[in-house]
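# Topology and contacts: notes
The residues making up each chain are set out below.
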Amino acid sequence: MATIPLEAAAAAMREAMRETVKRYSLWYLLQGILMVVAGFLALVYPLIASVAIIVLLAWILIISGIVQGIGLIGARQVPHFWLQLISVVLSIVVGLLLLRQPESGLAVFSVLLIVYFMVEGMAKVIFALTIRPFPNWGWVLGAGIVGILLAVYLWANLSVASEILLGVLLGIQLLCEGAALTYLAWRVRTS
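The model shown is predicted, which means the values in this text are computed figures rather than measured ones. (Residues numbered from 1 in each chain as written. Predicted model: local features only at pLDDT ≥ 70, side-chain atom pairs only at ≥ 80, totals over all residues. Heavy atoms only, no water.)

Before going further, it helps to examine the side chain of Q173. Residue placement: Q173 occurs in helix α7 (residues 163-190). At 2.9 Å, the side chain of Q173 forms a polar contact with the side chain of E177. When sequence neighbours within four positions are dropped, the list of residues in contact with Q173 reads Y116, F117, E120, A143, V146, G147 and L150. (Helix = DSSP H or I, 4+ residues; strand = E, 2+ residues; numbered from the N terminus. Polar contact = N/O pair within 3.5 Å; in protein donor to acceptor, adjacent residues only side chain to side chain. Contact = heavy atoms within 4.5 Å.)

Quick look at the structure:
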């Protein structure tokens, strides 16, 4: 079995990524535009953006608890049934509490945003370095760095984070990432 040198494998992977970006450039363009619009709306209405995320999380917990509960009907003989049932009840109760008082979900939302910004930022940095020297790959790299910096900033200011700050940070992240994707996709489509 022949082995491929590491440089050749890396070059082949970069070329495959470039071809994927070219092939799906319209989808990247649409995704980027939607992210810019969502980011702009989050900046204009930061409190609504923060509360909307908390309400969405609440409904996800409630629905997943109900679905899990339906799956438990008639399954009393299943090992750890009571533990599963406690999980169902907790999921629904936490979801209802978040719906009743969305501001109490601030800490959960803050931590989720930190994770989102960091993971999304690292993914964009890796993606940018993978498609380098694709035209304008630096925009994607910049968006990734902004995401990482936002995660670090939010982590450093977690104790004073407000719902408005979280909405603004979410808006900045969506705008940067959306603009980078839009620009990259547009350049690919026009070149």
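Back to the write-up after that little detour.
Attention shifts here to the nonpolar core. Of all hydrophobic cores here, the largest spans 17 residues; its most connected members are F109, L113, F117, L154, L166, L169 and L170. Those elements that provide at least two residues to this core are α3 (46-72), α5 (106-131), α6 (137-156) and α7. Each residue touching L113, except ones within four places of it in the same chain, is listed here: L154, L166 and L170. V21, F127, F134 and V188 belong to the second-largest nonpolar core, a separate cluster that totals 12 residues. (Core = buried A, V, L, I, M, F, W, Y, C linked by side-chain atoms within 4.5 Å. Buried < 20%, exposed > 50% of the residue type's maximum accessible area, 1.4 Å probe, protein only.)

All told, the structure shown has 2 salt bridges when counted by the stated rule. The salt bridge involving E120 is made with K124; its shortest N-O contact spans 3.3 Å. Taken as a pair, E120 and K124 lie in helix α5 at a separation of 4 residues, close to a single helical turn. Take E120 and K124: they sit in the same class, and that class is buried. Note that E177 is salt-bridged to K124, the shortest N-O span being 3.5 Å. Within this pair, whereas E177 is found in helix α7, its partner K124 is found in helix α5, the two being separated by 53 residues in sequence. In terms of burial, E177 and K124 fall into one category: buried. Residues joined in a network through salt bridges with shared partners are E120, K124 and E177. (Salt bridge = Lys/Arg side-chain N within 4 Å of Asp/Glu carboxyl O.)

Take the side chain of T130 next. As for its position among the elements, T130 is in helix α5. Overall, the relative accessible area of 12% leaves T130 in the buried class. Of the polar contacts made by the side chain of T130, one reaches the backbone oxygen of I126; its length is 2.7 Å. Not counting chain neighbours up to four residues away, the residues in contact with T130 comprise M13, R14 and M17.

Right, let's talk about helix α4 (residues 81-100) for a bit. Taking 1.5 Å of rise per residue, the 20 residues of α4 would be expected to cover 28 Å, and the 29 Å separating its terminal C-alpha atoms lies within 8% of that figure. Burial in α4 covers these residues: F81, V88, S91, G95 and L98. Along the axis of α4, the buried residues cluster in a sector spanning 135°; they form a single face. Turned more than 90 degrees from where α4 packs its buried face, W82, L83, L97 and R100 sit exposed. At its buried positions, α4 is contacted by α3. (Expected span 1.5 Å × (residues − 1). Arc of directions from axis to C-beta.)

Low pLDDT marks stretches whose predicted atomic positions should not be read closely. The pLDDT averaged across the protein chain works out to 82; a share of 95% of its residues lies at or above 70. α6 holds the highest mean pLDDT among the elements of the protein chain, 89, whereas helix α1 (residues 6-23) holds the lowest, 76. (pLDDT = per-residue confidence, 0-100.)

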